[in-house]
Amino acid sequence: RVPADADPNIWGDVADSLASLDRYYQGDAARQAAFRKFAVKTLQPAFARVGWEAKPGEADPVAILRTNLIGTLSQLGDQAIVTEARRRFDASATDPNAMPAPLRRTILGVVARHADDATWEKLHTMAKNEKTPLVRDQLYTLLSISEDKAIAQKALDLALTDEPGETNSASMISTVAQTHPDLHIASERRSE
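What you see is a predicted model; the values in this text were computed from it and never measured. (Residues numbered from 1 in each chain as written. Predicted model: local features only at pLDDT ≥ 70, side-chain atom pairs only at ≥ 80, totals over all residues. Heavy atoms only, no water.)

Enquirer: Just to check I follow, could you spell out the packing of helix 8 (residues 149–159) against helix 9 (residues 166–179) for this structure?
Expert: The description of two helices packed together rests on the angle between their axes and the distance between the axes. Where helix 8 meets helix 9, the closest approach of the two axes is 9 Å, and the angle between their N-to-C directions is 155°. What the angle tells us is that helix 8 and helix 9 run roughly antiparallel. Read as a crossing pair, helix 8 and helix 9 show a hand that is left-handed. Contact with helix 8, carried on its side by A152, A155, L156, L158 and A159, involves S169, M172, I173 and V176 of helix 9 and no other residues of that element. For the contact of helix 8 with helix 9, the per-class residue count stands at eight nonpolar, one polar and no charged. (Axes fitted to C-alpha atoms, helices over the stretch in contact; angles between N-to-C directions. Helix = DSSP H or I, 4+ residues; strand = E, 2+ residues; numbered from the N terminus. Parallel < 35°, antiparallel > 145°, perpendicular 65-115°, else oblique. Left-handed = near helix turned anticlockwise from the far one by under 90°. Contact = heavy atoms within 4.5 Å. Nonpolar A, V, L, I, M, F, W, Y, C, P; charged D, E, K, R; others polar.)

Enquirer: Can you walk me through the pattern of salt bridges in this structure?
Expert: Two side chains of opposite charge can pair, provided their charged atoms sit close to one another. For the coordinates displayed, the defined rule picks out 11 salt bridges. Linking R31 and D28 is a salt bridge whose minimum nitrogen-to-oxygen distance equals 3.8 Å. Judged by relative accessible area, D28 falls into the partly exposed class, the value being 30%. In this structure, the salt-bridge partner of E53 is R88, at a minimum N-O distance of 2.6 Å. Taken together, the residues span a long stretch of sequence, with E53 in the loop between helix 2 (29–50) and helix 3 (60–75) and R88 in helix 4 (residues 79–91) at a distance of 35 residues. Residue classification places R88 among the buried residues on the basis of a relative accessible area of 4%. Through salt bridges with shared partners, one network takes in E53, E84, R87 and R88. (Salt bridge = Lys/Arg side-chain N within 4 Å of Asp/Glu carboxyl O. Buried < 20%, exposed > 50% of the residue type's maximum accessible area, 1.4 Å probe, protein only.)

Enquirer: I tried to follow the packing of helix 1 (residues 8–24) against helix 3 on my own but got confused; where do I start?
Expert: With their axes 9 Å apart at the nearest point, helix 1 and helix 3 run at an angle of 20° to one another. With respect to helix 3, the axis of helix 1 lies roughly parallel. The crossing of helix 1 and helix 3 is left-handed. Contact with helix 1, carried on its side by P8, N9, W11, G12, A15, D16, A19, D22 and R23, involves P61, V62, L65, N68, L69, T72 and Q75 of helix 3 and no other residues of that element. In the contact of helix 1 with helix 3, the residues fall into eight nonpolar, five polar and three charged.

Have a look at this one:
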């Protein structure tokens, strides 16, 4: 019942509530799919108002809502959001404006969550080549947020090497465990 032109803070609360409710349906694919369809339909009008591009003189709450809606709609499986995030990520190799600074981390998060093998490898290369420690740490964490179990296993395997560093390795293991608690660290490595 919230109108599309409601205050951005209200829409932020709606998005947060729907994202939280989505977690209650984990393990029940049919009910979660039905809920996600409802949630995406509910949030799309608000996202249509804010869009991907910031407008001149835009208030901070609108910019915050944009990142919140992109992340939430991605979590809910909105394929239009995932497709556009991937397009922007791919375009960023030649167009520095494809991922504007305020959306960079959000877009990378969407791409990492829905990564295929090739995309995960691109992100991995970015992490290895990054010189800024904070950005490097963020990229290693992003490597571990994939919804795909096989890719999450790759992140666990990487976490057991010296490459990410001890702090990043611990963070990667913890992050994978939140999404895929049933994955295991290779038994020959656990005994070390």
